[in-house]
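Understanding the architecture of this molecule
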Amino acid sequence: MVMKKAMKKIFPGVSWQNPLLNLVFKAINPVDYLVRLIYGRSGLPLYSIRVRSNGVTKQFGGKNFYKFGNQLAEHLETYASLNKKSKVLEIGCGCGRTAFALSRILENGNFVGVDIDKPSLHSCKQSSIFIRKNFRFEYMDVYNGEYNPTGKHHADTYKFPFEDNEFDVIFLVSVFTHMLTDDVKNYISEISRMLKPGGVCMVTTFLLDRGSQTNGISFPYNEKEHYYYNQKMPEVAVGYYLEFFKAQFALFGLSQVHNTLWGNWRKTEEFQPSSKFGQDVIFFTKEM
């Protein structure tokens, strides 16, 4: 946290968009690789790639990258009925944090990852682990003020290039935390279309129902159903209330299944998280 605050003071804005910081990240790559090699994590992406979708904090050596990928995979097995035969779509796969964990569970060809960040996708496509497992990774040319400002399509009208009822499990990790109300509504509509009856969708997000006090961000501004803290670029961090998601999924015949897993991003003494992950996790299932 100290390192992160110091970097924010020296290099304001998103870290990986700063050319000077990118030089620093690339200089760290060889040392990071040696550490990963020692601890059996050499197959993970470069440090300069991991920080693009996972942040700078505690990324060196890949321990947290590996740990949280495994934790998310466990959530999918426990709460989304994921098994080796499940056909899975990850929206916002980044450089493959959860995909690495799923490569030890899913059968060949049963995973598709899509993202708007080309360098992260290139890393996935070059991974020998994913090549052996025949995992697919596809680029989404969708506009996002923070991650893809030159995107051709708009998230509120984007149609995913997949068939109806194609996937057993669909999940999004820290995607709706960067999307505004109309964009999220369209994605939920598309998720509902692509998910098989009986399938499960897992979403991680910032839910404001149990407070939003943190050491880093807050959500003082509101428009439609979303709350945000950066007026110039709202997509930097976005929060919602749980009822918004429940109502939107219900429009398409999906209902919440299992209790919400409350993440550890809040910094209030009276609140006890039910998940060690940094965001809240909710699950929705499609009626049979």
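The preceding data block contains the structure.
Not measured: the values here are computed from a predicted model. (Residues numbered from 1 in each chain as written. Predicted model: local features only at pLDDT ≥ 70, side-chain atom pairs only at ≥ 80, totals over all residues. Heavy atoms only, no water.)

Turning to the overall build of the protein chain, a few remarks are in order. A tally of regular secondary structure across the protein chain gives nine helices and ten strands. The dimensions of the protein chain, computed from C-alpha atoms along their principal axes, are 50 × 45 × 40 Å. A buried classification covers 52% of the 288 residues belonging to the protein chain. Counting contacts in the protein chain only where the partners sit at least 6 residues apart, residues at least 24 apart contribute 67% of the total. As presented, the protein chain carries roughly 13800 Å² of accessible surface, and 52% of it is formed by carbon and sulfur atoms. A gap of 9 Å separates the mean positions of the 35 positive and 27 negative side-chain charges of the protein chain. (Helix = DSSP H or I, 4+ residues; strand = E, 2+ residues; numbered from the N terminus. Buried < 20%, exposed > 50% of the residue type's maximum accessible area, 1.4 Å probe, protein only. Contact = heavy atoms within 4.5 Å. Areas by Shrake-Rupley, 256 points an atom, 1.4 Å probe, with all protein chains shown as cover. Lys, Arg positive; Asp, Glu negative; His and termini not counted. Charge placed at Lys NZ, Arg CZ, Asp CG, Glu CD.)

Turning our attention to unusual backbone geometry. Not every positive phi belongs to a glycine, and Asn165 is a case in point at roughly 55°. Among the structural elements, Asn165 can be located in the loop between β3 (136–139) and β4 (167–172).

Of all five residues making up strand β2 (residues 111–115), five are buried, and the element is well covered by its neighbours. Burial along β2 is two-sided: the residues Phe111, Gly113 and Asp115 and Val112 and Val114 are all buried. Viewed along the sheet, the connection from strand β1 (residues 88–91) through helix α5 (residues 97–102) into β2 turns out right-handed. In this structure, β2 lies alongside β3, joined through four bridges in parallel fashion. Across the sheet, the residue bridging to Val112 is Arg136, located in β3. (Right-handed = clockwise from strand over helix to strand, strands pointing away. Pairing = 2+ DSSP bridges.)

Moving on, we get to the packing of aromatic side chains. For the structure on display, the rule yields 22 aromatic pairs. Here Tyr240 and Phe244 contribute two aromatic rings whose centre-to-centre distance is 4.8 Å and whose plane-to-plane angle is 15°, an arrangement assigned as stacked. The residues Tyr240 and Phe244 share a single accessibility class, namely buried. Relative to Phe245, the ring of Tyr240 lies with its centre 5.4 Å away and its plane at 65°, an arrangement referred to as edge-to-face. Following the ring pairs from residue to residue traces out a cluster consisting of Phe65, Phe100, Phe111, Phe130, Phe135 and Phe137. Here the guanidinium or amino end of Lys67 rests over the ring plane of Phe68, the centre of that ring lying 4.9 Å away. (Phe/Tyr/Trp six-rings, centres within 6.5 Å; stacked < 30°, edge-to-face > 60°. Lys NZ or Arg CZ within 6 Å of the ring centre and 35° of its normal.)

Coordinates in, geometry out; function isn't part of it.
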